[in-house]
Amino acid sequence: MFKAKRVPDDLVRCTISFTVNNQEFGITNVDPNKSLNSWLRENCMTATKVMCNEGGCGACVVSIYRPGNDSPIAVNSCLMPLYTVDGCNVITADGVGTLKQGFNEIQERLSQFGATQCGYCTPGIVMSIYSKVVSSKPFTEQDMENHLDGHICRCTGYRSILDAARSFADGNEIDIEDLCIDHCKKRQGADCGDHKVKKSVLKMPPSTTRWFRPETFEELKGIMNDKAKFSSSSSFVCANTSKGIFKSTGQPLPRLIIDISRVEEFLVKQVKTCDDKRWIAVGASVSINQLCEVLLSQQTMKQRGNIFQRAVKHLKKVAGNPVRNVASWAGNVMIKYRHREFPSDVVVVLEALKARVNVYDSVTGQMQQYGVLGNCGLMDADMAKKVIVSMDIPIPSKKEDEATVFRTYKIMPRTQNSHAYINAAFRVMINGGRFDEDVCVVFGNIRFDFDHAVRTETCLSSKEVTEDTFKTALEALRGELQPEKVDDVDVSEKFKQNSALSLFYKFYLNCVPPSHLDVRVFSATLDLERDLSSGTQAYLTNAATSPVSDPIPKLSSYIQTSGQAYFLTDLPPSVNEVHCAFVLSDRGNVDIEQINESFAAAQPGFVTLITGANFPKDLKNARFGHLDPIQPLLTSIHVDYAGQPIALVIADSEEQARSIAAQVTVSYKNQGKVLIKTRDSIQAEAFYDLNLPDIVIGYPEEAMSSAPNSVCGQIDLGSQYHFYMESQIARAETTDEGGFVIEAATQCQKWIQEAVSYVFDGLPANSIEVKTKRIGGAYGGKATNSIPIALAAALGAYVTDRPCRFHADLKTCMASLGTRLPYSLNYTVGFDDDGKLLALDWSVYANTGVSKIDSEIDDDNEFRFFADSAYFCPNRRIRRFACGSNIASGTWCRAPGSLQLSAFADTMMEHIADYLNKDSIAVKLANLYQTGQLALDGQILTDCRIQEMFECLLKKANVAKRQIAIKNYNQNNKYKKRGLAVTPMKYPVTWQSVKFTVLISIYTDGSVVVSHGGIESGQGIDTKIVQVVAYCLHIDVEHIAVQRTTTITSANSEVTGSSTTSEIVCRSAQRCCEILVERMRVVKVKQTRHLTWEELVTACFDADVDLTASCQRAPPDHKLGARTYNIWGVTATEVEVDILTGQHIVRQVDLVEDAGISLNPVIDIGQIQGAFVMALGFWLNEEMVYSSNTGKLLTDGTWEYKPPTTKDIPVKWNIELAKSKNNIGLYNSKATGEPPLCMAVSAFHAIRHCIDDSLHERHRKDGFTKLQQPLTPVNVKEALDLEPIQDFSVFSCSIM
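Each value, and the rule that gives it
- Residues numbered from 1 in each chain as written.
- Predicted model: local features only at pLDDT ≥ 70, side-chain atom pairs only at ≥ 80, totals over all residues.
- Heavy atoms only, no water.
- Buried < 20%, exposed > 50% of the residue type's maximum accessible area, 1.4 Å probe, protein only.
- Helix = DSSP H or I, 4+ residues; strand = E, 2+ residues; numbered from the N terminus.
- Pairing = 2+ DSSP bridges.
- Axes fitted to C-alpha atoms, helices over the stretch in contact; angles between N-to-C directions.
- Left-handed = near helix turned anticlockwise from the far one by under 90°.
- Contact = heavy atoms within 4.5 Å.
- Nonpolar A, V, L, I, M, F, W, Y, C, P; charged D, E, K, R; others polar.
- Salt bridge = Lys/Arg side-chain N within 4 Å of Asp/Glu carboxyl O.
- 1 Å grid on protein atoms, 1.4 Å probe; cavity = no way out; pocket = protein on both sides within 12 Å on 5 of 7 lines; lining within 4 Å.
- Points joined across faces, edges and corners; volume = space filled by probe spheres on them.
- Expected span 1.5 Å × (residues − 1).

Considering the pairing of strand β9 (residues 256-259)
Link 1 in the chain: Every second residue of β9 is oriented toward a common face, with Leu256 and Ile258 on one face and Ile257 and Asp259 on the other, all of them buried.
Link 2 in the chain: The pairing of strand β7 (residues 210-212) with β9 spans three bridges and is classified as parallel. In the strand pairing of β9, tryptophan 211 is matched with isoleucine 257.
Link 3 in the chain: With three bridges joining them, strand β8 (residues 235-237) and β9 adopt parallel strand pairing. Paired with serine 235 across the bridge in β9 is isoleucine 257.

Let's talk about the packing of helix α36 (residues 1241-1257) against helix α37 (residues 1273-1280)
Link 1 in the chain: Closest axis-to-axis distance for the α36/α37 pair is 9 Å, and the angle between their directions is 35 degrees. In terms of crossing hand, the pair formed by α36 and α37 is right-handed. Contacts between α36 and α37 pair Ile1247, Ile1251, Ser1254 and Leu1255 from the former with Val1276, Ala1279 and Leu1280 from the latter.
Link 2 in the chain: In terms of residue class, the contact of α36 with α37 is built from six nonpolar, one polar and no charged.

Re the environment of proline 514
Link 1 in the chain: Within the secondary structure, proline 514 sits in the loop between α18 (493-510) and β18 (534-538).
Link 2 in the chain: Residue proline 514 is classed as exposed on the basis of its relative accessible area of 55%.
Link 3 in the chain: The sequence separation of proline 514 and proline 572 amounts to 58 residues, and the corresponding C-alpha distance is 64 Å.

Let's talk about the pattern of salt bridges
As a working rule, side chains carrying opposite charge can pair if their charged atoms are close by.
Link 1 in the chain: Per the stated rule, a full pass over the model turns up 67 salt bridges.
Link 2 in the chain: Between lysine 34 and glutamate 655 there is a salt bridge, with the nearest N and O atoms lying 3.6 Å from each other. Of this pair, lysine 34 sits in the loop between β2 (23-28) and α1 (36-42) while glutamate 655 sits in helix α21 (residues 654-663), and the two are 621 residues apart along the sequence.
Link 3 in the chain: Exposure remark for glutamate 655: the relative accessible area of 40% places this residue in the partly exposed category.
Link 4 in the chain: Among the charged side chains, a network of salt bridges with common partners joins Arg962, Arg978, Glu1134, Glu1136, Arg1147 and Asp1150.

Overview of empty space enclosed by the protein
The rolling of a water-molecule-sized probe over the atoms marks out the regions of remaining empty space.
Link 1 in the chain: Tallied over the full model, the rule gives seven cavities of 30 Å³ or more.
Link 2 in the chain: The space that makes up the largest cavity amounts to roughly 120 Å³.
Link 3 in the chain: Around the largest cavity, the lining is made up of 20 residues, and of these Leu817, Thr819, Ile887, Ala888 and Tyr1186 lie nearest the centre.
Link 4 in the chain: Here the second largest cavity is characterised by a volume of approximately 80 Å³.
Link 5 in the chain: What lines the second largest cavity is simply Ser111, Gly114, Thr116, Gln117, Pro553, Lys554, Ser557, Gly1018, Gly1020, Val1162, Ile1163 and Gly1166.
Link 6 in the chain: The element that contributes the greatest number of residues to the lining of the second largest cavity is helix α35 (residues 1161-1181), accounting for three residues.
Link 7 in the chain: Each residue belonging to the lining of the second largest cavity can be placed in one class, and the counts come to three nonpolar, eight polar and one charged.

A short note on the sheet that holds strand β19 (residues 578-584)
Link 1 in the chain: The eight strands lie next to each other as β21-β23-β19-β30-β27-β28-β29-β38, forming an open sheet whose pairing is mixed. The two strands at the open ends of the sheet, each matched to only one other strand, are β21 (606-611) and β38 (1045-1046).
Link 2 in the chain: Summarising the sheet, β21 and strand β23 (residues 645-651) pair through five bridges and their orientation is antiparallel. Looking across to β23, one finds that isoleucine 610 is bridged to leucine 648.
Link 3 in the chain: The strands that α21 touches are β19, β21, β23 and β30 (804-807); relative to β19, the one it contacts most, it runs at about 20 degrees.
Link 4 in the chain: Packed on one face of the sheet, helix α24 (residues 749-759) meets β28 (740-744), β29 (768-772) and β38 and runs near 150 degrees to β29.

Section: the sheet that holds strand β26 (residues 709-717)
Link 1 in the chain: What the five strands build is an open sheet, ordered β25-β33-β32-β31-β26; its pairing is mixed. Both outer strands of the open sheet, β25 (695-697) and β26, are each paired with one neighbouring strand and no more. Strand after strand, the sheet turns through a mean of 10 degrees between neighbouring axes, direction not considered.
Link 2 in the chain: Against the sheet, helix α28 (residues 898-916) makes contact with β26, β31 (823-831) and β32 (837-849), and its axis sits at roughly 45 degrees relative to β31, the strand it touches most.

A few points about helix α32 (residues 1021-1033)
Link 1 in the chain: Helix length check: α32, at 13 residues, gives a terminal C-alpha distance of 18 Å against a target of 18 Å (1.5 Å per residue), a fit within 8%.
Link 2 in the chain: In terms of residue burial, α32 counts as a mostly covered element, since twelve of its 13 residues are buried.
Link 3 in the chain: Those residues of α32 lying buried are Ile1021, Asp1022, Thr1023, Lys1024, Ile1025, Val1026, Gln1027, Val1028, Val1029, Ala1030, Cys1032 and Leu1033.
Link 4 in the chain: Residues of α32 that are buried sit in contact with β35 (997-1002), β36 (1008-1012), β37 (1040-1042), α33 (1061-1084), α34 (1093-1102) and α35.
Link 5 in the chain: In the segment just after α32, histidine 1034 is the residue with positive phi, at about 60 degrees.

Here's the deal with the pairing of β19
Residues in a regular strand project their side chains so that they alternate between the two faces of the sheet.
Link 1 in the chain: Along β19, six of the seven residues are buried, which leaves the element largely enclosed by surrounding structure.
Link 2 in the chain: Across two bridges, the pairing between β19 and β30 is parallel. Bridging across to β30, histidine 579 finds its partner in arginine 805.
Link 3 in the chain: Here β19 pairs with β23 via six bridges, running antiparallel. In the strand pairing of β23, histidine 579 is matched with alanine 651.

Below, the structure written as structure tokens:
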């Protein structure tokens, strides 16, 4: 036993110093629970954004130079404890370039490539690129693409971001000095050290948590042996990235944190030798990325080939790059130790590498060594008062490496930055066609107490590599797996079982010489590989209207890249400002028994708690104000859905409000059954009584009964979270006149104004100002969903008489606010022998949740516009039902209704083709609309281009040739399949008298300012309006600025949405310019010489000409009813599916959209890319899973909810904006923001074709294959219906 030593006083850390963009800071009383991101933003360094606080989105990424390191690393500042930056230099987006000091090359290229839209994620992406480019290591384009795996961008579709980033790869000209933070000084010959700013010394409030940072192992031992300080509850921390998975909000804070990130012995990375054995010694604080570098280092390259390379390939799939840069391998192992449900990839890989973990026991003072898994492994050890010091990884000899089959696998929801559904690692030496006695077969996430497949290992040990051995081992594995489903969000036992057997099969195939394999199974030995992303964009412009139609970058793109673009989340709190947070219910269809706030009320920063019971009597408790007076803002008796707000906490800070809200305890009673899925509501007949009339065209009953062929079926589509990068936020302040000034991230200021008026007992609109500069993404999610956030902030301001801010976190947004409506369809379709439609009979069900406020189902135009897509059918009946359920009220989400209805129509074609055994492309071509036919919305088509566009795309994309290649590929590959599908689109656009006010003012210096009623959310509305104003006034765009939208300058403006706001606002701006030009013409014609613009403005001002014009221009009467014009499009999508894992890649997309003449092709192509990828997420990745017992949303963060990332986009992506005339549109333009979503269903159908090919090959295809969206590997595997024991075989001949 060691004698306890006193902890040296200098190890108790109270002060740290570091630099941010070369400004020095010293901080005393450092709060160990404070993140770098929180500190930066609290100190007005808001170029670094915040969103998920989980390290899953990348918005918070900064670059850090660690002491003694010349190369920076990208890190998630939201996860990084502030104390860990002691001695570091932190670089943020405004540190590499700003409007004042000039932008650097990274920022310029992102702007020039059109790689920003809303711009909220952009600063983080800038810093990731910066970290890669200024490092001293050469890199390829593929390296850069891999490097950006830790970022989510909902707007751009990533293609433009990747193009800009890859332009810095080796072989491209670049001056590294131009990218350095000190580039301004360097150009002037100054030294970097001269650039530092005077040190600021800041003091933080005392924390209840103490932290220590030993720098040697001996110092650490001293801490651990000090019984007065160290206990079993003390926390060892290296990077603390685990808090991104396992939240501590509302939980008791640790009393002692020991930062081991700089313990010298814990940072060791070296090759050691003893006798003829060599191993790599890796310290416990070495990051996962550093571990990868060690495994691939020159020293280890001499003797090993495939083992370490494959291990690194797997380790690079752990989290995202900014997490891997700091997260230690030992920390990952200990997460698994504490949370057995954690599907650790690191643990599985290290076990297969035969790693031995060295642990220090402070009780005995001895070092102990463990394996990672297995009997007597680390997972079985008692780690109380112990700490991992290092591990030893044996380096195989060259002979051993060559004789070893080492394979690891990971099946996950998306291609990167995702946890595993299931993972596995296999290792065995093979000599003379026989397995060595030492066999490793390890799985993760099968069940808590299962890792090594011991019986399977025994079946392989010392056996010959034969078919019989395989069958025996496969049976043994099936018997010993016995998987368990942990909870409702976990994958099923069936999936685990099937996937584990499939991965074992892949491994075993790799044990067989290729010459002995059945050639059709050889591809199963290979991973599903993705090539470098590429593609083309084609468009035409109109020089006659320049700058309109010019492909200029977004005017705000530069300040977006520096993080200077203003978002409400960046506004520093004012003096005396309070913050609020919802207390959310954790179950639905239940009564509230009691709300206990006593503990929460005693917490620091608590101001007050508002509930439904103590809601101010003079106000109306209405969640959506006048739009839905029934739903309460704070429910008081009955909870309709899990996530419904029960109370509103008001506190002194944002962190305090959220923490206190998590500590309010609520007890419930009378739990009822929860209805979640649409089919649940249908079965329970839970319908809203809307009495919607059927939509009937022709004579559907008669046509159906006489049709030569008919099929029927069902389609079920789930929901989708908007995933705006800037979460919901509003700030309210009372005025001296009894009203409010509200700043809100909203798509409709008018609705907030009216809702506040309603809730506050008829407060007149002229007492309520709502203002918005820009918002960080919306997609429909900040329309009605922004109302309860603004009302809560106004309520807080009213009750406290202090400015009140409500910045909802990601979990609040996901759990309490509405998402895309789930749809279900029951259908019957009649058709002739050629596949031409004769009759359709649909019953459409929309799951609107606890309210029908945004039901979509009652919008006749929605159905008449989109239920036909591009297909003519003379006889139709559509019945509509709004289903009630125990989920939050659904709301509009990009292409609401149109995405689902057009997909239903396209699926009819697929079903017909399947029934007739015809090519679905031919069936679709036969049913396309033709000029002169009557569309479902009542229009006689005069602009029908779809047949021409469809046939043109088939030729340009070489579809026929590729279909032959796909057929040959599938015939030669049993467990890899490719598929191709083509989807056409008719997308009618309506303006429906939507109005937006525009105000244009010309100042005496010639500069022009515009304020308009649209909300800039990334769609480029501000840039387009500047282009139009510049053209109309015949001035340069540099003369024009767009200022914030307010209800004062743009009164009565409607909701921004439906892809049409830009063109409607531009029409009003056009009219304002016409008014101004007409006024100025009176002065201009009197001049005797040509005047410059500035001179003309001065002359007009001197002549008392009014240089301000306002217009709220209604759309023109075009005699076409609700429809304004049609957008046509067609997309061909090719995919590849791994039949054994269910994983897939989108190999190629060829997309053509009729855009008229684009107002700005760079912006519009960006809109198309972003829309299409968002729809790919809907069809392939994103799944909202609820508890079947309580109705609680389980996928309420980035750990479980998986939008597409950079490698989920098409590998090859060709986009063309087809030019056409659109006399109704502004300068012949058309909308682009939503239509592409309706063509991404082609990926869904292409995967269906892969599944069908496999089913048919295995004689298991039985009618039209029903697929469950989204097509995650889980749902793909379910549809494939693999029977491993029957289906799997290995040899084409016996091994000699």
